[in-house]
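Examination of the molecular architecture
Spelled out, the chains give:
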Amino acid sequence: MQYRQLGRSGLSVSPICLGGNVFGWTADERTSFSILDAWVDAGFNFIDTADVYSRWAPGHSGGESETVIGKWLKQSPAKRDKVVIATKVGMDMGQGGISLAPKWIAQAIEDSLRRLNVERIDLYQAHRDDEATPLLETLEAFGKLVDAGKVRAIGASNYGAARLKEALETSKSAGLPRYESLQPLYNLYDRAVFEKDLQPLCVKENVGVINFYALAAGFLTGKYRKEEDASKSARGGNTVKKYLNDRGLKILAALDEASKRTGAPQSRIAIAWVMAQPGIASPIASASNVEQLREIVKAADLKLDPETMKLLDEASAE
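Below: a short report on this structure.

Structural notes on the overall build of the protein
Regarding its fold elements, the protein presents 12 helices and 10 strands. In terms of C-alpha radius of gyration, the protein reaches 19 Å, essentially the compact-globule figure of 20 Å for 318 residues. Overall size of the protein, expressed as C-alpha extent along the three principal axes, is 55 × 40 × 35 Å. Across the 318 residues of the protein, 56% fall into the buried class. Within the protein, residue pairs in contact and separated by at least 24 positions form 76% of the contacts whose partners lie at least 6 positions apart. When the accessible surface of the protein is totalled, it reaches about 13600 Å², and 48% of it is carbon and sulfur.

Some words on the state of the cysteines
Under the counting rule described, the total for this entry stands at zero disulfides. Cys 17 takes part in no disulfide bond, and the closest cysteine sulfur to it belongs to Cys 202, at a distance of 16 Å. Residue classification places Cys 17 among the buried residues on the basis of a relative accessible area of 0%.

Digging into the side chain of Arg 178
Among the structural elements, Arg 178 can be located in the loop between helix H5 (161–174) and strand S8 (179–183). Within the structure, the side chain of Arg 178 is placed 2.8 Å from the backbone oxygen of Glu 205, a separation counted as a polar contact. For Arg 178, the side chain forms a polar contact with the main-chain oxygen of Asn 206, separated by 2.8 Å. Ignoring anything within four residues of it in the chain, the contact list for Arg 178 reads Arg 8, Ile 154, Leu 168, Ser 171, Glu 205, Asn 206 and Val 207.

Focus: the layout of surface pockets
Reported here for the second largest pocket is a volume of approximately 250 Å³. Considering the residues around the second largest pocket, the lining is formed by 13 residues, among which Arg 4, Pro 15, Met 275, Ala 300 and Lys 303 are closest to the centre. Tallied by class, residues from the lining of the second largest pocket come to nine nonpolar, one polar and three charged.

Describing the nonpolar core
Side chains of a nonpolar character, in soluble globular proteins, are inclined to be buried together. Ranked by size, the top nonpolar core spans 93 residues in total, and within it Tyr 124 and Tyr 179 carry the most contacts. Considering each element in turn, this core owes the most residues, seven residues, to helix H10 (residues 266–275). Residues Leu 11, Leu 123, Ala 153 and Ala 281 belong to the second largest nonpolar core, which totals 12 residues.

Points about the pairing of strand S7 (residues 151–157)
Among the seven residues in S7, six count as buried, and that is most of the element. Of the strand pairs in this sheet, strand S6 (residues 121–126) and S7 are connected by five bridges, and their pairing is parallel. Counted as the bridge partner of Ile 121 is Val 151 from S7.

Description of the sheet that holds strand S5 (residues 84–89)
The sheet built from eight strands is open, its strands ordered S9-S8-S7-S6-S5-S4-S3-S10 with parallel pairing. Either end of the sheet is taken by a strand with one partner, and the two such strands are strand S9 (208–209) and strand S10 (284–285). Of the pairings in the sheet, the one linking S8 to S9 comprises two bridges and is parallel in character. Bridge pairing links Ser 181 to Gly 208 in S9.

Focus: the packing of aromatic side chains
Counting across every chain of the model gives 11 aromatic pairs. Geometrically, the ring pair formed by Tyr 186 and Phe 194 is tilted, given 4.5 Å between the ring centres and 45° between the ring planes. In terms of burial, Tyr 186 and Phe 194 fall into one category: buried. For the ring pair Phe 219 and Tyr 243, a centre distance of 5.4 Å and an interplane angle of 20° mean the geometry is stacked.

Notes on H10
Most of H10 is tucked away, with 10 of its 10 residues classed as buried. Three or more residues of H10 are buried, namely Gln 266, Ser 267, Arg 268, Ile 269, Ala 270, Ile 271, Ala 272, Trp 273, Val 274 and Met 275. On its buried face, H10 sits against strand S1 (4–5), helix H6 (192–205), helix H9 (246–262), S10, helix H11 (290–299) and helix H12 (306–316).

What about the environment of Thr 87?
The topology assignment puts Thr 87 in strand S5. In sequence terms Thr 87 and Glu 66 are 21 residues apart; their C-alpha atoms lie 8.1 Å from each other. Excluding its chain neighbours within four sequence positions, the residues that come into contact with Thr 87 are Thr 49, Ala 50, Asp 51, Glu 66, Ser 112, Leu 116, Ile 121, Leu 123, Tyr 124 and Gln 125. One polar contact links the side chain of Thr 87 to the main-chain amide nitrogen of Ala 50, over a distance of 3.5 Å.

Procedures and definitions
Throughout this document, residue positions are counted from 1 along each chain, in the order its sequence is written. Local features in a predicted model are, by the rule used here, given only for residues with pLDDT of at least 70; side-chain atom pairs are given and counted only at 80 or more, and totals for whole chains, interfaces and linings are based on all residues. Excluding hydrogens and water, the side-chain figures rest on all heavy atoms present in the structure. Where helices and strands are cited, they refer to DSSP runs of H or I of at least four residues and of E of at least two residues respectively, numbered from the N terminus. Here the globule rule reads 2.2 Å times residues to the power 0.38, and the radius of gyration is calculated from C-alpha atoms. Accessibility here uses a 1.4 Å probe with only protein chains present; expressed as a share of the type maximum, an area under 20% marks a residue as buried, one over 50% as exposed, and anything in between as partly exposed. Contacts are assigned to residue pairs with any non-hydrogen atoms lying within 4.5 Å of each other. The accessible surface values rely on the Shrake-Rupley method and a 1.4 Å probe; as for residues, cover is taken only from the protein chains in view. Here, the term disulfide refers to a pair of cysteine sulfur atoms separated by no more than 2.5 Å. Each polar contact in these results corresponds to two N or O atoms within 3.5 Å; when the atoms are within protein, one needs to be able to donate a hydrogen and the other to accept it, and residues that are neighboring in sequence are counted only if both atoms are side-chain atoms. Points on a 1 Å grid over protein atoms alone make up a cavity when a 1.4 Å probe fits among them but cannot get out, and a pocket when they form an open set with protein on both sides within 12 Å along at least five of seven lines; lining residues each have an atom within 4 Å of a point. Grid points are joined across faces, edges and corners, and a volume is the space filled by probe spheres set on the points. Basically, the charged four are Asp, Glu, Lys and Arg, the nonpolar ten are Ala, Val, Leu, Ile, Met, Phe, Trp, Tyr, Cys and Pro, and anything else, Gly included, counts as polar. The definition of a nonpolar core used throughout is a set of buried Ala, Val, Leu, Ile, Met, Phe, Trp, Tyr and Cys residues joined through side-chain atoms within 4.5 Å. Following DSSP output, two strands are said to pair if at least two bridges run between them. Planes of paired rings set the category: under 30 degrees apart is stacked, over 60 is edge-to-face and the rest tilted, where pairs are Phe, Tyr or Trp rings (Trp by its six-membered ring) whose centres lie within 6.5 Å.

The analysis is restricted to geometry; functional conclusions fall outside its scope.
Shown next, in the form of structure tokens:
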């Protein structure tokens, strides 16, 4: 397996990143531990989570995913040096809305460090742009965490191209750490927004892309083809239903054809397609059980031939 450098951060990450949004939610603690163990045993090291995971679930208050990862590390401390842990800050954790204000970042980092049971977070990401807080103030707050040894590198999630460019320019002019990664929505279906402006910027500035929803909330696995199927999704039927249209079904048909050609399942092909795109460092994929994880792991070794790439490109063109 060939690891990839994440921007200029010095972080060497596996070609696929394990999404931790399911830990403590659709994957209970025991199952989550099994998934994490299998991930490391397979030679992968990149794990992404967020402080807000899984606040949306009934009875949850946020921090559930980080807590599961922290318990796993406490149980297997030797694995800390084998993983690159990324988490995020900024979403509403009861502070009254989205915030990347220095005061909130200073509090949130301590909470995440405690839940994760680590002394330093490898990649600390702004979960969503906070236009009410000047970028300089946010970047200065992140810089203090880097200087204090609590964070190795910083990244951004859900930023538009204009704001990401402004953030990079602000870091350069102020001599502050810069966003070394971007976590955007990107997959075979959701292409236009990223490819238009964000992808060229990330390639030019060497910002590593760790896109989320690489499988479009499970739609690209091929298991959701009718509204009745979508209603069974743990993520909520409406999340998957938005893909159930003529274009979505055309993409599934192309994945079916690609599956026949390669002998690989649709999920593996969808991830392999993303991995082959310019600027992509490590697409994020989640697994609720070890069986799903095995398919994700196999995607790292799948190289699609030019004709299959063309088939998928044309079917998913917007």
